[in-house]
Structures are given as structure tokens and as C-alpha cells.
Amino acid sequence: MKIDKIILEHIKMPLLHPFETSFGKLLEKDFLLIRIHSGEHIGYGESVALPNPTYSEETTGTIQYMLDEFLIPLLFSNKIEHPDDVSAVFAPIRRNNMAKAALEGAVWDLYSKQQGIPLAKALGGMKKNIDVGVSIGIEKSTEALLAKVEKFLTEGYKKIKVKIKPGYDIEPLQKIRERFGYDIPLMADANSSYTLDDMDRLKELDPLKLIMIEQPLSFDDILDHAKLQKQINTPICLDESIHSAEDVRKAIECGSCQIINIKIGRVGGLTEAKKIHDICIKHHIPVWCGGMLEAGIGRAHNIAITSLGNFTIAGDTSASSRYWKEDIITPEVELSAPGSISVPETPGLGYELNEDVIRRYLLDRKVYEPK
Ligand code: OSB
Ligand code: MG
């Protein structure tokens with residue numbers, strides 16, 4: 001793959017609704033849009049880090065630096081025949097997974113466009129439609145939370161995920177069960193806000209019959225989650241603790257979780273995401289695709305990876321209009337049926353950029369060419 005130039009655009013867009021988690025409230029999202037040009041084709045990637053290093057250590061600023069200083073020069077100076085080669089080229093660089101994933105995602109899109117096939121197909125995905133759910137932030141009141149749950153259930157979303165933290169946990173979940181019953185697929189995401197000292201509280205979740213609790217303990221823990229899983233019935237799903245197929249192997253070996261949340265950015269790209277997907281099949285661990293409040297290009301990558309067979313639990317990839325007044329892609333991501341998104345069948349990601357929207361929210365633009 002001969003790369004002619006790479007363009008980085010820094011974009012900042014206000015979220016339609018503030019998104020609050022145990023690590024703070026987010027009012028807007030900034031990200032880098034990557035365009036890799038090769039002949040007549042352009043591959044797109046999007047960085048998914050939050051503006052602050054609160055979910056992981058990366059930010060849009062650290063990604064910009066890593067791309068500029070190391071990853072773009074590495075991509076230019078190495079021969080890439082297949083997108084799987086990119087992670088090997090980036091391997092000497094420690095971590096910085098979201099920076100690597102942003103660039104690798106653009107190479108995958110470019111490759112599938114060159115091959116004339118959908119990105120989903122290039123990844124080995126077979127599903128024509130994917131089931132999707134929603135992630136609801138910490139709300140001002142239980143009434144506001146219940147109103148949101150009701151709206152999303154009406155729209156057919158296949159999983160309701162509620163953010164929890166100490167002091168905001170059993171009660172809101174209990175209220176949801178009382179109002180909507182025990183049949184709705186309900187889960188909680190703690191974003192690392194508990195410790196083993198909270199064992200009694202976490203045991204109280206069991207009667208709520210959640211489909212899982214996501215990342216209750218520390219962002220870097222594998223061991224304590226295994227201790228917790230022995231004491232509670234609610235299946236544990238790991239998010240923050242998983243950065244690689246190796247992390248997954250260790251988590252499974254220790255019994256730290258029964259489900260894995262795959263985020264392409266967190267694990268360093270689509271090649272690693274596929275590896276994790278495949279390891280989980282062997283161990284009968286279902287996976288689902290997490291979200292990072294992505295704009296359209298990141299969202300389109302999530303749709304493509306979710307087309308793989310072991311993504312059997314609805315992910316967090318909901319419609320563009322849940323997040324943005326206007327998205328950077330056309331068409332926007334929409335539900336094609338209640339709680340379901342159809343996987344594009346055109347080459348690459350299957351969405352075009354909406355250049356008007358990009359111009360409106362553009363902060364900065366930089367062009368890189370091989371030396
Ligand atoms: O923990 O899954 C998370 C958003 C930002 C950072 C971390 C998380 C989230 C979400 C939102 O839960 C998922 C989405 O709707 O994109
Ligand atoms: Mg999470």
C-alpha cells in the first residue's frame with residue numbers, strides 16, 4: 001500500500017446531552033479525524049480518547065503527539081501489505097493504544113476500499129445487522145433516568161446500561177426493575193469506582209439479575225475482580241483492564257470475568273480486537289463492542305467489528321442522533337429496525353464524510369507527506 005499523504009484534523013463538537021460517569025461530566029468531545037490518501041482511495045480513522053486522562057491515560061493531545069512524533073513516521077518508513085502488518089510495525093512503541101488504533105483503523109478502511117469490499121467483510125464479519133444498546137450516564141434524578149430508559153426501550157434498544165458509582169447504585173437499578181420488570185436486558189457500568197471493601201454492597205446487586213456488571217474495580221486490576229467474581233452471581237465484564245489479547249488470556253485464566261467489552265481504541269486497533277474476539281470464542285466468553293462517545297467514523301468502525309460472530313451481546317453503538325446535533329458522516333448512523341443497525345455493504349466503512357459539518361467544528365489541520 002503506497003501512502004501519498006496523511007491528513008490530521010482536530011475537531012471539537014458539543015454533545016447534545018452532557019454525559020456523566022464516576023470520573024466526571026463531559027459536555028463536548030474533541031478528536032482527530034485521520035485521512036490516509038493512496039491513489040484514488042482515502043481511508044478514514046478517528047481517535048476515541050476523552051479530553052482528560054480519566055478513563056485511560058490517553059487524551060486527544062497525547063494521541064496528536066504520538067502520531068506526529070512516532071506513528072506516522074513509522075507508517076511512512078515501513079512497507080505495509082496488509083492492515084495486520086500495522087500492529088507489528090507499531091509494536092516497539094509501548095501502549096498508546098488509542099493513538100495506534102486511530103491510524104490502524106484508517107489503514108483498514110483504505111485496504112478494504114482498495115479491495116472493493118466492506119470493512120466488515122475484510123475483518124471476517126458475516127452479520128448483516130447488529131443488535132445495539134444504549135449507555136445512560138448518571139442522571140440528575142431517578143425520574144430523569146426512568147424517562148430515558150422508557151424512551152430507549154420504546155426505540156427497541158436491546159440492552160440498557162446504566163452508569164453507577166458508590167451512593168448511586170442499588171436504588172436507581174431497583175427503581176428500573178420495579179417500573180420495567182425483570183425481563184428487560186439491564187446492566188450496570190461502575191467505571192472502576194468500587195474496591196473489595198464494597199463487597200457487601202456489590203453482593204446486593206445479585207437479586208437485581210443484571211446481565212452483567214462492567215468494571216466494578218480498579219482500572220488496572222485483574223486479580224481483585226477474580227476474588228469478587230467468586231463472591232457474586234452477577235457476571236463481571238471487564239472494560240478498562242483489557243488492553244490486549246494477553247490481558248484477556250490472563251483475565252480468563254484467573255476467572256476475573258465472564259464477558260469482555262472490546263473497544264477498538266483501548267486494545268490498539270482492529271487486528272488486536274479480532275484476536276481478542278477469537279480467543280474469547282475458544283473460551284466460550286461472549287463479547288460486545290463498547291463505545292467512547294464516538295463521532296461517525298469511530299462509530300462506523302464499531303459497526304464493522306460488531307459484525308463478527310462472537311459479538312453476541314448488544315453493544316453501546318447507538319444512533320448518531322443520540323450524541324450529536326449533526327454527525328460528521330453521511331448518512332448518519334441510524335437504527336434500521338428497532339434496536340438494530342444494518343452493516344453497510346459498500347466498500348470500506350460504508351459512510352461518506354460530511355465536509356460541511358467538519359468545517360464547522362474544525363480546530364486545526366495538518367498534512368504529512370513521506371520524505
Ligand atoms: O466505560 O464504557 C465506558 C463513554 C466514555 C468512556 C467510557 C465509557 C463510555 C460509555 C459510553 O459508557 C458509551 C457510548 O455511548 O459511546
Ligand atoms: Mg465501561
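Keep in mind that what you see is a predicted model, and the values were worked out from it rather than measured.

## Some words on the overall build of the protein
- Each helix and strand counted, the protein has 12 helices and 15 strands in total.
- Here the C-alpha atoms of the protein give a radius of gyration of 20 Å, agreeing with the 21 Å that 2.2 N^0.38 yields for 371 residues.
- Across its three principal axes, the protein shows a C-alpha extent of roughly 60 × 40 × 35 Å.
- Here the protein, with 371 residues, has 58% of them falling under the buried criterion.
- As displayed, the protein has an accessible area near 15,200 Å², and 51% of this comes from carbon and sulfur atoms.
- Between the centroid of the 45 positive side chains of the protein and the centroid of its 54 negative side chains there is a distance of 1 Å.

## Observations concerning the coordination of the magnesium ion (ligand 2)
- Within the protein, the atoms that donate to the magnesium ion (ligand 2) are D189 (OD), E214 (OE) and D239 (OD), at distances of 2.1 to 2.3 Å.
- Read in sequence order, the donor residues coordinating the magnesium ion (ligand 2) give the pattern D-x24-E-x24-D. Within this pair, whereas D189 is found in strand β7 (residues 186-189), its partner D239 is found in the loop between β9 (236-238) and α9 (245-254), the two being separated by 50 residues in sequence.
- Residue classification places D239 among the buried positions, given a relative accessible area of 0%.

## A short note on the packing of aromatic side chains
- If you walk through the whole model with that rule in mind, you get five aromatic pairs.
- Here the aromatic rings of W108 and Y111 are separated by 6.3 Å at their centres, their planes lie at 85°, and the arrangement is edge-to-face. On the criterion of helical spacing, the pair formed by W108 and Y111 is a turn pair, its members being three residues apart in helix α3 (residues 97-115). The same class applies to W108 as to Y111, namely buried.
- Seen from their ring centres, F152 and Y157 are 5.8 Å apart, and the 85° between their planes marks the pair as edge-to-face.
- In this structure, K159 is placed above the aromatic ring of W288, and the distance from its NZ or CZ to the ring centre is 3.2 Å.
- When the ring centre of Y323 is taken as reference, the NZ or CZ atom of R299 above it lies at 3.9 Å.

## Regarding the site of ligand 1
- In the vicinity of ligand 1, 16 residues are found, and the nearest of them are S135, K163, N191, L293 and Y323.
- In the environment of ligand 1, an oxygen atom lies 2.9 Å from a nitrogen or oxygen atom belonging to the side chain of S135.
- Side-chain polar atom of D189 to an oxygen atom of ligand 1: 3.0 Å apart, as the coordinates give it.

## Details of α3
- Along its 19 residues, α3 runs 26 Å from first to last C-alpha, staying within 8% of the 27 Å computed at 1.5 Å per residue.
- Across the 19 residues that make up α3, a large majority, 17, are buried.
- Just beyond α3, the residue with positive phi is G116, at close to 75°.

## Looking at the nonpolar core
- Of all hydrophobic cores here, the largest spans 120 residues; its most connected members are I36, L75, L103, I260 and I328.
- For this core, the leading source of residues is α3, giving 10 residues.
- Judged by nonpolar contacts, the second largest core, of six residues, contains M212, C237, W288 and I313.

## Regarding helix α6 (residues 170-180)
- Of all the positions in α6, only I170, P172, L173, I176, R177 and F180 are classed as buried.
- Elements that come into contact with the buried residues of α6 comprise α5 (142-154), β6 (160-163), β7 and α7 (199-203).
- Of the residues flanking the end of α6, it is G181, one or two places downstream, whose phi is positive at about 85°.

## Remarks on the packing of α5 against α6
- The interhelical angle for the contact between α5 and α6, taken along N-to-C directions, is 45°, at an axis separation of 10 Å. Taken as axis vectors, α5 and α6 run oblique relative to one another. For the pair α5 and α6, the crossing hand works out as right-handed. The segment α5 lies against α6, with T142, E143, L145, L146, V149, E150 and L153 engaging E171, P172, K175, I176, R179 and F180.
- Grouping the amino acids of the contact of α5 with α6 by side-chain chemistry returns seven nonpolar, one polar and five charged.

About the criteria used
- Residues numbered from 1 in each chain as written.
- Chains lettered and ligands numbered in written order.
- Predicted model: local features only at pLDDT ≥ 70, side-chain atom pairs only at ≥ 80, totals over all residues.
- Heavy atoms only, no water.
- Helix = DSSP H or I, 4+ residues; strand = E, 2+ residues; numbered from the N terminus.
- Rg over C-alpha atoms; globule rule 2.2 N^0.38 Å.
- Buried < 20%, exposed > 50% of the residue type's maximum accessible area, 1.4 Å probe, protein only.
- Areas by Shrake-Rupley, 256 points an atom, 1.4 Å probe, with all protein chains shown as cover.
- Lys, Arg positive; Asp, Glu negative; His and termini not counted.
- Charge placed at Lys NZ, Arg CZ, Asp CG, Glu CD.
- Donors = N, O, S within 2.8 Å, 3.2 Å for Na, K, Ca; no water.
- Phe/Tyr/Trp six-rings, centres within 6.5 Å; stacked < 30°, edge-to-face > 60°.
- Lys NZ or Arg CZ within 6 Å of the ring centre and 35° of its normal.
- Near = heavy atom within 4 Å.
- Polar contact = N/O pair within 3.5 Å; in protein donor to acceptor, adjacent residues only side chain to side chain.
- Expected span 1.5 Å × (residues − 1).
- Core = buried A, V, L, I, M, F, W, Y, C linked by side-chain atoms within 4.5 Å.
- Contact = heavy atoms within 4.5 Å.
- Axes fitted to C-alpha atoms, helices over the stretch in contact; angles between N-to-C directions.
- Parallel < 35°, antiparallel > 145°, perpendicular 65-115°, else oblique.
- Left-handed = near helix turned anticlockwise from the far one by under 90°.
- Nonpolar A, V, L, I, M, F, W, Y, C, P; charged D, E, K, R; others polar.

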